[in-house]
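# What the coordinates show
So the chains spell out like this:
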Amino acid sequence: MGVFEDIFVKAKAAAGALGEKAGQYVDVSKMNIKLAEFKGDLKSEFENLGKIVYECEKNNIENRSGINASIAQIDNITLQIEELKRQIASIRNKVICKSCGSQNEVDSVYCSKCGEKLSESSKNNKKTEDDFSEFDD
Ligand SMILES: [Zn+2]
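About the cut-offs
- Residues numbered from 1 in each chain as written.
- Predicted model: local features only at pLDDT ≥ 70, side-chain atom pairs only at ≥ 80, totals over all residues.
- Heavy atoms only, no water.
- Helix = DSSP H or I, 4+ residues; strand = E, 2+ residues; numbered from the N terminus.
- Buried < 20%, exposed > 50% of the residue type's maximum accessible area, 1.4 Å probe, protein only.
- Contact = heavy atoms within 4.5 Å.
- Salt bridge = Lys/Arg side-chain N within 4 Å of Asp/Glu carboxyl O.
- Donors = N, O, S within 2.8 Å, 3.2 Å for Na, K, Ca; no water.
- Tetrahedral: all angles 85-135°; square planar, octahedral: opposite > 155°, others 65-115°.
- Lys, Arg positive; Asp, Glu negative; His and termini not counted.
- Phe/Tyr/Trp six-rings, centres within 6.5 Å; stacked < 30°, edge-to-face > 60°.
- Lys NZ or Arg CZ within 6 Å of the ring centre and 35° of its normal.
- Core = buried A, V, L, I, M, F, W, Y, C linked by side-chain atoms within 4.5 Å.

## Description of the overall build of the chain
When helices and strands are tallied, the chain shows four helices and two strands. In the chain, the order of α-helices and β-strands from amino to carboxyl end is α-α-α-β-β-α. Within the chain, the proportion of its 137 residues that are buried is 31%. Sequence separation of at least 24 residues holds for 58% of the intrachain contacts in the chain that already meet a minimum separation of 6.

## Looking at the pattern of salt bridges
Enumeration according to the criterion identifies four salt bridges in this entry. Residue K34 is joined to E37 by a salt bridge in which the shortest nitrogen-to-oxygen separation is 3.3 Å. Separated by three residues within a single helix, K34 and E37 lie in helix α2 (residues 22-59), roughly one turn from each other. We classify K34 as partly exposed; its relative accessible area is 38%. What makes E37 partly exposed here is its relative accessible area of 41%. Between R86 and E83 there is a salt bridge whose closest N-O contact spans 2.9 Å. Placement of both R86 and E83 in helix α3 (residues 64-92) is noted, with a separation of three residues, approximately one turn of the helix.

## Here we look at the coordination of the zinc ion
For the zinc ion, the full set of protein donor atoms is C97 (SG), C100 (SG), C111 (SG) and C114 (SG), at a range of 2.3 to 2.4 Å. Relative to the metal, the four donor atoms surrounding the zinc ion lie at angles of 106 to 115°, and the coordination shape comes out tetrahedral. On the primary sequence, the residues serving as donors to the zinc ion are separated as C-x2-C-x10-C-x2-C.

## Side note on the side chain of E45
Its place among the elements puts E45 in helix α2. Among buried charged residues, E45 stands out as having no salt bridge; its nearest opposite-charge side chain is K51, 10 Å away. With sequence-adjacent residues up to four places away left out, E45 is seen in contact with S70, Q73, I74 and I77.

## Comments concerning the environment of I74
You can see I74 is positioned in helix α3. Taking the relative accessible area as the measure of exposure, I74 reaches 7% and is therefore buried. C-alpha of I74 to C-alpha of F46: the two residues are 28 residues apart in sequence and 7.2 Å apart in space. Apart from residues no more than four positions distant in its own chain, I74 is found in contact with L42, E45, F46 and L49.

## Examining the packing of aromatic side chains
For the coordinates displayed, the defined rule picks out zero aromatic pairs. K34 extends its terminal NZ or CZ atom over the ring of F38, reaching a point 5.3 Å from the ring centre. The ring of Y110 has K117 sitting right over it, with the charged end atom 5.8 Å from the ring centre.

## Here we look at unusual backbone geometry
The residue N60 is not glycine, and still its phi comes out positive at about 55°. Take N60: it is sitting in the loop between α2 and α3.

## Considerations on the nonpolar core
Counting 15 residues, the largest nonpolar core has I81, L84 and I88 as its most contacted members. Within the residue set of this core, elements represented by two or more residues are α2 and α3. Counting residues per element, this core draws most heavily on α2, at eight residues. V95, C97, C111 and L118 belong to the second-largest nonpolar core, a separate cluster that totals five residues.

See the structure below:
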């Protein structure tokens, strides 16, 4: 166990020195920013829908088209949020080959492109799941 830990620590240090995952972190953080923007848009659209319904009820009028347009917009934003979440999850579950930079499944042992042995250090991708949880409802 001690030897394994030693290798793990060294591999981790090497990975950090090479900055092999820097690009990946940038992509995920950009996506998280975009995700936060979508969530803001969704909140605004729900407020908009609330206003439309309020005006209708208060003035005893109908605004079916306004309500339908707002619902369509909410559904659209929700779809984009789901798609973005899928993309983020997909990147998270990849291991970046330090030799050629291609993405591999997280449980892969060797790179599917160049055959390089994928290091244990790549598996610490998993800990970033906690960073993402704040965006879950
Ligand atoms: Zn490779």
